[in-house]
Amino acid sequence: MSDTTWDVLIRGGRVVDGSGNPWFYGDVALAADRVAAVAPAGVLDPTRARELVDATGHVVSPGFIDIQSHSILPFLRDGRSVSKVYQGVTTEIMGEAWTPAPVGGRIRDPFRSSLLAADAGEWAERAKEWTRFRAWLEEMQARGVSVNIGSFVGGATIR
């Protein structure tokens, strides 16, 4: 492993990595907003970390991808994504059935096509300005959505 310093080293937790393999006791190193290393417990040098977190007795999940998310409206209401983050979700892929952008042509009310009947509140009017798919993603980024998001429509992502 390189000589990079990590921001955080989470040590001794039960690592569940989403690969389908059984959990294992391990360490997870974080650098900025990325998982920098995952290794069996004790392999990563703790002197390379600015902060140590003892995860003994806890589960550590380096991040899960929700590949069929329906969080469009929840993100507009509260970008912190608390319910997903608490479950270990770090990336959400949306747009398999609808997205609120682009608006124009036959689409005049972007939320009319949503899978769930819900009141979009102020977003119902604001979304009418999203004439390009990218405008919706940029709005999500400006709101500070705490997870990475992507969409089947247009193949676009933000982080």
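Here, every reference points to the structure presented above.
A.B. asks: Explain the pattern of salt bridges to me, please; I cannot follow it from the model alone.
C.D. replies: Opposite charge on two side chains allows them to pair when their charged atoms are near. One pass over the full model with this rule turns up eight salt bridges. For Lys 128, the salt bridge is made with Glu 125, and the minimal N-O distance between the two is 3.1 Å. Lys 128 sits in the partly exposed class, given a relative accessible area of 37%. One salt bridge in this structure joins Arg 134 and Glu 138, with 2.8 Å as the shortest N-O distance.

A.B. asks: Help me understand the packing of aromatic side chains in this model?
C.D. replies: The geometry of an aromatic ring pair is captured by the separation of the ring centres together with the interplanar angle, meaning the angle of the planes. Using the criterion set out here, one finds three aromatic pairs in the structure. Ring plane angle 90 degrees and centroid distance 4.9 Å describe the contact between Trp 23 and Tyr 25, whose orientation is recorded as edge-to-face. Trp 23 sits in the partly exposed class, given a relative accessible area of 42%. Centre to centre, the rings of Phe 133 and Trp 136 are 5.5 Å apart; their planes meet at 65 degrees, and the pair counts as edge-to-face. In this pair, Phe 133 and Trp 136 are both assigned in helix α4 (residues 133–143), three residues apart and thus about one turn of the helix distant. Each member of the pair, Phe 133 together with Trp 136, is buried. Positioned above the aromatic ring of Trp 23, the side-chain terminus of Arg 14 is 5.3 Å from the ring centre.

A.B. asks: Explain α4 to me, please; I cannot follow it from the model alone.
C.D. replies: Each turn of an α-helix holds 3.6 residues, which means side chains three or four residues apart point in the same direction. Along α4, the residues that are buried comprise Phe 133, Trp 136, Leu 137, Glu 139 and Met 140. An end-on view of α4 places all buried positions within 155 degrees of arc, on one side of the element. Facing away from the buried side of α4, by more than 90 degrees, are the exposed residues Arg 134 and Ala 142. One or two positions beyond α4, positive phi appears at Gly 144, with a value near 80 degrees.

A.B. asks: Please clarify how the side chain of Ser 69 should be interpreted in this entry.
C.D. replies: Here Ser 69 shows up in the loop between β6 (64–66) and α1 (72–77). One polar contact links Ser 69 to Ser 71, side chain to side chain, over a distance of 3.1 Å. Excluding residues within four positions of it along the chain, Ser 69 makes contact with Lys 84, Glu 92, Ile 93, Met 94 and Glu 96.

A.B. asks: I tried to follow the pairing of strand β3 (residues 34–40) on my own but got confused; where do I start?
C.D. replies: For a regular strand, side chains alternate in direction, first toward one face of the sheet and then toward the other. Bridge analysis of strand β2 (residues 24–31) against β3 gives six bridges, and the strand direction is antiparallel. Its bridge partner lying in β3, Ala 29 is registered against Ala 37. Taking the residues between adjacent antiparallel strands as the criterion, β2 and β3 are bridged by two residues, where Ala 32 takes a positive phi near 55 degrees.

Cut-offs and rules
Residues numbered from 1 in each chain as written. Predicted model: local features only at pLDDT ≥ 70, side-chain atom pairs only at ≥ 80, totals over all residues. Heavy atoms only, no water. Salt bridge = Lys/Arg side-chain N within 4 Å of Asp/Glu carboxyl O. Buried < 20%, exposed > 50% of the residue type's maximum accessible area, 1.4 Å probe, protein only. Phe/Tyr/Trp six-rings, centres within 6.5 Å; stacked < 30°, edge-to-face > 60°. Helix = DSSP H or I, 4+ residues; strand = E, 2+ residues; numbered from the N terminus. Lys NZ or Arg CZ within 6 Å of the ring centre and 35° of its normal. Arc of directions from axis to C-beta. Polar contact = N/O pair within 3.5 Å; in protein donor to acceptor, adjacent residues only side chain to side chain. Contact = heavy atoms within 4.5 Å. Pairing = 2+ DSSP bridges.

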